[in-house]
Amino acid sequence: MYTMSETTKKNLEESLGISLPELSKVSADEEREWIEKKIGKKLTFSKKRKHRIIGRRNPLLSRKRICTIEDLEEKSIELFGV
């Protein structure tokens, strides 16, 4: 198992503004809201293909195939009128 040095933990806590034990207890939704508040804008996936990352990392990201809840809601309205 990997462990972080005390220096790394200290640096992360300073840059994030939250302690690591607190961070480990945060839900995904709370984490997303905290990030959006910190950067001042909503987190989104870009719909533009990035040719630099094709063939690397997650193929869904490089092909722009990741759907958000908003994308799914729009699609359901188009298909079902709901």
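What this report covers is the structure whose coordinates are included nearby. Everything numeric here is computed off the predicted structure, so don't read it as measured data.

1. A closer look at the overall build of the chain
Stage number 1. Each helix and strand counted, the chain has 5 helices and 0 strands in total.
Stage number 2. Its helices and strands taken in sequence order, the chain reads α-α-α-α-α from the N to the C terminus.
Stage number 3. Each of the 82 residues in the chain was classed as buried or not, and the buried ones make up 7%.
Stage number 4. The long-range fraction of contacts in the chain, counting pairs at least 24 apart against all pairs at least 6 apart in sequence, stands at 6%.
Stage number 5. Put simply, the chain shows about 7,600 Å² of open surface, and 56% of that area lies on carbon and sulfur atoms.

2. Examining helix 3 (residues 28-39)
Stage number 1. Here helix 3 spans 17 Å end to end across 12 residues, near enough to the 16 Å set by a 1.5 Å rise per residue.
Stage number 2. Two residues or fewer after helix 3 comes Gly40, characterised by a positive phi angle close to 80°.

3. Observations concerning the environment of Met4
Stage number 1. As for its placement among the helices and strands, Met4 is situated in the segment before helix 1 (6-16).
Stage number 2. Ignoring sequence-local partners within four residues, the contact set of Met4 consists of Lys9, Leu12 and Leu20.

4. Details of the pattern of salt bridges
Stage number 1. Taken as a whole and judged by the stated rule, the model has 4 salt bridges.
Stage number 2. A salt bridge links Lys9 to Glu6, with the nearest nitrogen and oxygen atoms 3.7 Å apart. Note that Lys9 and Glu6 are positioned in helix 1 at a spacing of 3 residues, about one turn of the helix.
Stage number 3. A relative accessible area of 30% means that Lys9 is categorised as partly exposed.
Stage number 4. Assessed through its relative accessible area of 58%, Glu6 is described here as exposed.
Stage number 5. Salt-bridge contacts for Glu36 lead to Arg32; the nearest nitrogen and oxygen are separated by 3.7 Å. Taken together, the residues span about one helical turn, with Glu36 and Arg32 both in helix 3 at a distance of 4 residues.
Stage number 6. Residue Glu36 is classed as buried on the basis of its relative accessible area, which comes to 17%.
Stage number 7. A cluster of three or more residues bridged by salt bridges with shared partners is formed by Asp29, Arg32 and Glu36.

Scoring rules and cut-offs
Residues numbered from 1 in each chain as written. Predicted model: local features only at pLDDT ≥ 70, side-chain atom pairs only at ≥ 80, totals over all residues. Heavy atoms only, no water. Helix = DSSP H or I, 4+ residues; strand = E, 2+ residues; numbered from the N terminus. Buried < 20%, exposed > 50% of the residue type's maximum accessible area, 1.4 Å probe, protein only. Contact = heavy atoms within 4.5 Å. Areas by Shrake-Rupley, 256 points an atom, 1.4 Å probe, with all protein chains shown as cover. Expected span 1.5 Å × (residues − 1). Salt bridge = Lys/Arg side-chain N within 4 Å of Asp/Glu carboxyl O.

Without other data, these values stay purely geometric and don't point to any function.
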